[in-house]
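# Examining the three-dimensional arrangement
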Amino acid sequence: MDFKIHYLSFFLVRVDDKEENKRAQHFRTLDETEYESSPLKDFLDGEFAKIVKRKAERHPKAEQVPTKIGFFTAEPGHDLTSNPNYNLFAKARSAFSLLEFQEASEQFASLYVQTSAARGGVFIVAKAQLRKYFDDPFVFVLKCDFEPKVASISDASSLIEHVELAITTKNMKSIQYPYMPEEGMIEEGELKIHQASHARYFEDFLKYVGYEQSMPEIVKTQVMDFVRETVIEDLEDESPERAQFEEAMEIWAESPKRELQERFSTEEIVEVASRMVEHTPELELKMKLDHMSVKAMLSDFGESVHLAKIGDRYVVLMEADSVVFEKGFSPIEFHKPEELDEVVERIREKHGQGSGI
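Everything numeric in this text was worked out from a predicted model, so none of it was measured.

### Quick word on the packing of helix α8 (residues 215–232) against helix α9 (residues 240–254)
- At a closest axis distance of 12 Å, the pairing of α8 and α9 adopts a crossing angle of 165°. Taken together, the axis directions place α8 and α9 in an arrangement best described as roughly antiparallel. For the pair α8 and α9, the sense of crossing is right-handed. Packed against α8, whose contacting residues are Lys220, Val223, Met224, Val227, Arg228, Val231 and Ile232, the element α9 presents Arg242, Phe245, Glu246, Met249, Glu250, Trp252, Ala253 and Glu254 at the interface.
- Of the residues that constitute the contact of α8 with α9, the class distribution is 9 nonpolar, no polar and 6 charged.

As structure tokens, this is what we get:
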């Protein structure tokens, strides 16, 4: 991807030992001609392409992912110009003079150093045009860390001239506005954020940007809605039983490990699972039985994955046309399976001796 850099502002972020005093020192703002002859060109050209090509999901499969799609929030009845973050990106994107772009960049840098997770390094704001597709430019915001051996460099001209020795793109945080879901297509109300660490640098930095729910969050909400709708029908408003149920649901929702609740029948669970799968076919099913893990698709439950009990013991039955071994050789690969009723009877006998089954 070939980018034309209109303007680029370069800041040094300094943080004292106690992390109480953070400031962004403006070193230089470059125009197109100055950038083309700067060491920054070789250092950053490939990074801009990498940022644009980096994939992001609107509803990520995990709650914490390094790359997210954000959207500018607005109150009902108001357009995006009511959003301060959008206005700042729009200001930088429409800047037509070095001074105007530098002013917008300084506002970005000032916002960044106010975040709790701000760390020392280099902060860069760039206005760039993707020559192949657009006349309208993109705005990039980058945060690079220092290499430890050169973190003491403080001379402005030296830092600019030897920047490839002073900063590293490893774990670089970045923002791209607007978001480009496909080549040649942009979303004016969205941006893409990448932060490899868990410090949430740019989520704190942009207070008026929202994110769609992750798939685990969506599934949790759907499950809670199903349970509430089914159980609350039989509970009176303001009753102690309803209050206890709501409290139990809150505890369940926040628990990292949750035990089987044994509330609903197989038919009821299959019905609600089928509605969820109809909306999102790729939903996974994961559960642990003691130290053993089961991983399947949610659509498999009730079809080829069955959860049952023999006395007080839980049993998972999984049916398939074939059994394949890929990693880790074992003698089980030569096993001749028994009939199911023989296995069930053996389990009954095994635990019946001490449990009264």
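### Some thoughts on unusual backbone geometry
- In this model, Tyr177 is joined to Pro178 through a cis peptide bond whose omega is -5°.
- Assignment of secondary structure puts Pro178 in the loop between β6 (167–177) and β7 (179–182).
- A positive phi angle, close to 55°, is found at Glu262, a residue other than glycine.
- Position of Glu262 among the secondary structure elements: in the loop between α9 and α10 (266–279).
- For Glu262, a relative accessible area of 48% translates into the label partly exposed.
- In this structure, Asp290 is a non-glycine residue whose phi angle is positive, near 55°.
- Its location among the elements puts Asp290 in the loop between β11 (284–289) and β12 (292–297).

### Considering helix α3 (residues 84–94)
- Within α3, the full set of buried residues consists of Asn85, Tyr86, Leu88, Phe89, Ala92 and Arg93. Buried residues of α3, seen end-on, are gathered within an arc of 165° and therefore sit on one face of the element.
- Its side-chain oxygen placed 2.8 Å from the backbone nitrogen of Asn85, Asn83 serves as the N-cap of α3.

### Topic: the packing of aromatic side chains
- Counted by the stated rule, this structure contains 18 aromatic pairs.
- Between Tyr112 and Phe123, the ring centres sit 5.2 Å apart and the planes meet at 25°, which makes this aromatic pair stacked. Of the two residues, Tyr112 is situated in helix α4 (residues 98–113) and Phe123 in strand β4 (residues 121–130); the sequence distance between them amounts to 11 residues.
- Ring pairing ties together the aromatic residues Phe11, Phe72, Tyr86, Phe89, Phe108, Tyr112, Phe123, Tyr177 and Phe205, which thus form one cluster.
- Over the ring of Tyr211 we find Lys68; its NZ or CZ atom is 5.2 Å from the centre of that ring.
- The residue whose ring lies beneath Arg258 is Trp252, and the NZ or CZ to ring-centre distance is 5.8 Å.

### A few points about the layout of surface pockets
- Within this model, the second largest pocket holds a volume of roughly 1000 Å³.
- What lines the second largest pocket is a set of 24 residues, and nearest its centre among them are Val316, Met318, Val323, His335 and Pro337.
- Mapped by element, the contributors of at least two residues to the lining of the second largest pocket are β13 (305–310), β14 (313–318) and α11 (340–355).
- Take the lining of the second largest pocket: its biggest share by element is 5 residues, from α11.
- Looking at the lining of the second largest pocket, its residues break down into 15 nonpolar, 3 polar and 6 charged.

### Some points on α10
- Taking 1.5 Å per residue, 14 residues should reach 20 Å; α10 reaches 20 Å between its end C-alpha atoms and fits that length.
- Listed as buried for α10 are Val272, Ala273, Met276 and Val277. Here the buried residues of α10 occupy an arc of 140° about the axis, which is enough to place them on one side. Turned more than 90 degrees from where α10 packs its buried face, Glu267 and Glu278 sit exposed.

### So, the packing of α8 against α10
- Taken N-terminus to C-terminus, the directions of α8 and α10 make an angle of 140°; their axes are 11 Å apart at the nearest point. Taken together, the axes of α8 and α10 lie oblique to each other. Between α8 and α10 lies a crossing whose hand is right-handed. On α10, the residues that touch Val219, Gln222, Val223 and Phe226 of α8 are Glu268, Ile269, Val272, Arg275 and Met276.

### Comments concerning the environment of His279
- As for its placement among the helices and strands, His279 is situated in helix α10.
- For His279, the side chain forms a polar contact with the side chain of Thr280, separated by 3.0 Å.

### Observations concerning a nonpolar patch on the surface
- Side chains of Val323, Phe325 and Ile332 sit close together on the surface and give an oily, nonpolar patch of about 320 Å² of accessible area.
- With respect to the secondary-structure elements, Ile332 resides in the loop between β14 and α11.
- We classify Ile332 as exposed; its relative accessible area is 56%.

### A few points about the pattern of salt bridges
- Within the structure shown, the criterion is met by 14 salt bridges.
- Here Lys41 makes a salt bridge to Glu36, at a shortest N to O gap of 3.4 Å.
- The exposure class assigned to Glu36 is partly exposed, which follows from its relative accessible area of 35%.
- A salt bridge links Arg93 to Glu188, with the nearest nitrogen and oxygen atoms 2.8 Å apart. Here the residue Arg93 occupies a position in helix α3, and Glu188 occupies one in the loop between β8 (185–187) and β9 (190–194), the gap between them amounting to 95 residues.
- Judged by relative accessible area, Arg93 falls into the buried class, the value being 12%.
- The class for Glu188 is partly exposed, based on a relative accessible area of 34%.
- If you follow the salt bridges from partner to partner, you end up with Glu36, Lys41 and Asp45 in one network.

What counts, and where the lines are drawn
- Residues numbered from 1 in each chain as written.
- Predicted model: local features only at pLDDT ≥ 70, side-chain atom pairs only at ≥ 80, totals over all residues.
- Heavy atoms only, no water.
- Axes fitted to C-alpha atoms, helices over the stretch in contact; angles between N-to-C directions.
- Helix = DSSP H or I, 4+ residues; strand = E, 2+ residues; numbered from the N terminus.
- Parallel < 35°, antiparallel > 145°, perpendicular 65-115°, else oblique.
- Left-handed = near helix turned anticlockwise from the far one by under 90°.
- Contact = heavy atoms within 4.5 Å.
- Nonpolar A, V, L, I, M, F, W, Y, C, P; charged D, E, K, R; others polar.
- Buried < 20%, exposed > 50% of the residue type's maximum accessible area, 1.4 Å probe, protein only.
- Arc of directions from axis to C-beta.
- Polar contact = N/O pair within 3.5 Å; in protein donor to acceptor, adjacent residues only side chain to side chain.
- Phe/Tyr/Trp six-rings, centres within 6.5 Å; stacked < 30°, edge-to-face > 60°.
- Lys NZ or Arg CZ within 6 Å of the ring centre and 35° of its normal.
- 1 Å grid on protein atoms, 1.4 Å probe; cavity = no way out; pocket = protein on both sides within 12 Å on 5 of 7 lines; lining within 4 Å.
- Points joined across faces, edges and corners; volume = space filled by probe spheres on them.
- Expected span 1.5 Å × (residues − 1).
- Patch = residues over 30% accessible without salt bridge, like charges linked within 9 Å, V, L, I, M, F, W, Y side chains within 5 Å.
- Areas by Shrake-Rupley, 256 points an atom, 1.4 Å probe, with all protein chains shown as cover.
- Salt bridge = Lys/Arg side-chain N within 4 Å of Asp/Glu carboxyl O.

So, to be careful, I would describe these as geometric facts and stop short of saying anything about function.
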